[in-house]
Every structure is written in structure tokens, then in C-alpha cells.
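# A look at the structure
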Amino acid sequence: LLVVGGAGTTGHWSVRYLSGLARPDGAGAPTAVLVADTDPDVVDRLPEPVDGGPALEAVVLVVGPDGNESTVDGRPLAELAREAAQVWVAVPPDGLAAVAESLGPGLAQGDASVVVFSAAQVVAAQAFAGAIPAERMVGIHLLVGPETPDPVGHTAVVCVDPTVAENATEASSGQVAA
């Protein structure tokens, strides 16, 4: 699991409380979580590992002259995305386009699904349009605060591209989209 933006409040909370859970596609919980952020404090902000949970590692990202992000030792963010089974994005809305551009080539070469933790789902969909098929991206807006100790019993708004649901319904009923 690759988490981009894990040093911020939403990313940190997601890594702490959600990263050890089974993936939505049924593949089971990840064994390792790589948290990547341009904030140099990302390494110090990793939550304590949970017994039996995934191994946690953090890397600092730098923005190159071309605008793409890479680790301080030169590994492009796209390469990390290509190697990931799933990518979580937890950056502010004004950073989504740049992150999507950095992730795009790796996402196109791999088969990772993308979860965008943001209330700005229209911005997220626009940022990732063309980088990955719409059915590989879902948006989640967690209705919790940074001090919420557990996701159980709280609400999360799940946002998907409505055309994905329409196409799935048409395909399952034998109809062909016009």
C-alpha cells in the first residue's frame, strides 16, 4: 500500500486506523505500507505499528524541476505507484493535479486501485481523468476528526464516477451502452 500525503491529518489518521484493514477488493490486509510526503516530518509522524499489522515505512518526496515528485534518493513517485497494489492519496485539493501527474505513468503501467481521501471529489476526478480508468478510482470523505480513535461507527461518504455504476448495470443486464 502506497499512501501519498501521509504526514497530514487525514493521511496520518488513515494510515493509523485504516491501513491494517482488508482491502475493498478482498485481497486482504497489506503487509507493508509506504507513506510518502513532501513534508520532511513524515518519517517522525509515522504511527506506532500495530501488533500483527503491516510494516510501516516513510519516505520524503521532493519536487523536481519537471514538477514530478520522487524520493530524496531519486525513485520517481510513478515507480512507487507501479509497484503498489493500492494507492491512497491524502493531499489537499490544490495538490491533487500535481500528485496525479506524478503518479499517472506508474498507475498506467500497474493495476493499482486509487482511493482519494478528500471532500473535493470533482477536483479529484478531474485530476486523475486519463491517468487511470474511472473504475479504478474511488473517493472517500471521512466524517471524523483527527482525534477520533476508531473508524467503527462513523460515517464515510464514498464517491464513485456515476458512469462506472451505469456501465456496470448495463453490462450485467446485457445492454450495450449507446
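Residues numbered from 1 in each chain as written. Predicted model: local features only at pLDDT ≥ 70, side-chain atom pairs only at ≥ 80, totals over all residues. Heavy atoms only, no water.

Once that is clear, we can look at the nonpolar core. Counting residues in each nonpolar core, the largest one holds 26 residues, and the members touching the most others are L2, V87, V89, L103, L107, V114 and F128. Elements with a contribution of two residues or more to this core: strand 1 (2-4), strand 2 (32-37), strand 3 (55-63), helix 2 (77-83), strand 5 (86-89), helix 3 (96-109), strand 6 (113-117) and helix 4 (121-128). The leading source of residues in this core is helix 3, at five residues. L1, V33, V35 and I140 belong to the second largest nonpolar core, which has 18 residues in total. (Core = buried A, V, L, I, M, F, W, Y, C linked by side-chain atoms within 4.5 Å. Buried < 20%, exposed > 50% of the residue type's maximum accessible area, 1.4 Å probe, protein only. Helix = DSSP H or I, 4+ residues; strand = E, 2+ residues; numbered from the N terminus.)

This part covers helix 1 (residues 9-18). Counting buried positions over the ten residues of helix 1 gives seven, a clear majority of the element. Among the residues of helix 1, those classed as buried are G11, H12, W13, S14, V15, Y17 and L18. Looking at the buried positions of helix 1, the neighbouring elements they touch are strand 1, strand 2, strand 3, strand 5, strand 6 and strand 7 (137-142). (Contact = heavy atoms within 4.5 Å.)

We now examine the layout of surface pockets. Volume-wise, the largest pocket comes out at about 300 Å³. Residue lining of the largest pocket: 18 residues in total, with T9, T10, G11, F117 and S118 positioned closest to the centre. Listing elements by their share of the lining of the largest pocket, those giving two or more residues are helix 1 and strand 7. Looking at which element gives the most residues to the lining of the largest pocket, the answer is helix 1, with four residues. Tallied by class, residues from the lining of the largest pocket come to eleven nonpolar, seven polar and no charged. (1 Å grid on protein atoms, 1.4 Å probe; cavity = no way out; pocket = protein on both sides within 12 Å on 5 of 7 lines; lining within 4 Å. Points joined across faces, edges and corners; volume = space filled by probe spheres on them. Nonpolar A, V, L, I, M, F, W, Y, C, P; charged D, E, K, R; others polar.)

This paragraph deals with the side chain of D37. Position of D37 relative to the elements: it lies in strand 2. From its side chain, D37 meets the backbone nitrogen of G6 in a polar contact 3.4 Å long. Setting aside residues up to four positions removed in sequence, D37 forms contacts with G5, G6, A7, G8, V42, V59, V60 and L61. (Polar contact = N/O pair within 3.5 Å; in protein donor to acceptor, adjacent residues only side chain to side chain.)

This brings us to the side chain of T71. With respect to the helices, strands and loops of the structure, T71 is situated in strand 4 (residues 69-71). Judged by its relative accessible area of 6%, T71 falls in the buried class. In this structure the side chain of T71 is engaged in a polar contact, spanning 2.2 Å, whose partner is the side chain of D73.

Below, the discussion takes up the packing of aromatic side chains. Within this structure, the stated rule accounts for one aromatic pair. Judged by centre distance (5.3 Å) and plane angle (65°), the ring pair of W88 and F117 falls under edge-to-face. Linking W88 in strand 5 with F117 in strand 6, this pair joins segments that are 29 residues apart in sequence. Among the residues examined, W88 registers a relative accessible area of 8% and is labelled buried. Residue F117 is classed as buried on the basis of its relative accessible area of 6%. (Phe/Tyr/Trp six-rings, centres within 6.5 Å; stacked < 30°, edge-to-face > 60°.)

This part takes up the sheet that holds strand 2. If you trace the eight strands from one edge of the open sheet to the other, you get 4-3-2-1-5-6-7-8, paired in mixed fashion. The open sheet is flanked by strand 4 and strand 8 (156-159), the only strands paired with a single partner. In this sheet, adjacent strand axes meet at a mean angle of 25° when their direction is disregarded. As paired elements, strand 2 and strand 3 share six bridges and run parallel to each other. Pairing of A32 across the sheet is with A55, part of strand 3. Lying over the sheet, helix 3 contacts strand 1, strand 4, strand 5 and strand 6, oriented at roughly 170° with respect to strand 5. (Pairing = 2+ DSSP bridges. Axes fitted to C-alpha atoms, helices over the stretch in contact; angles between N-to-C directions.)

Any functional reading would require information beyond the geometric quantities listed.
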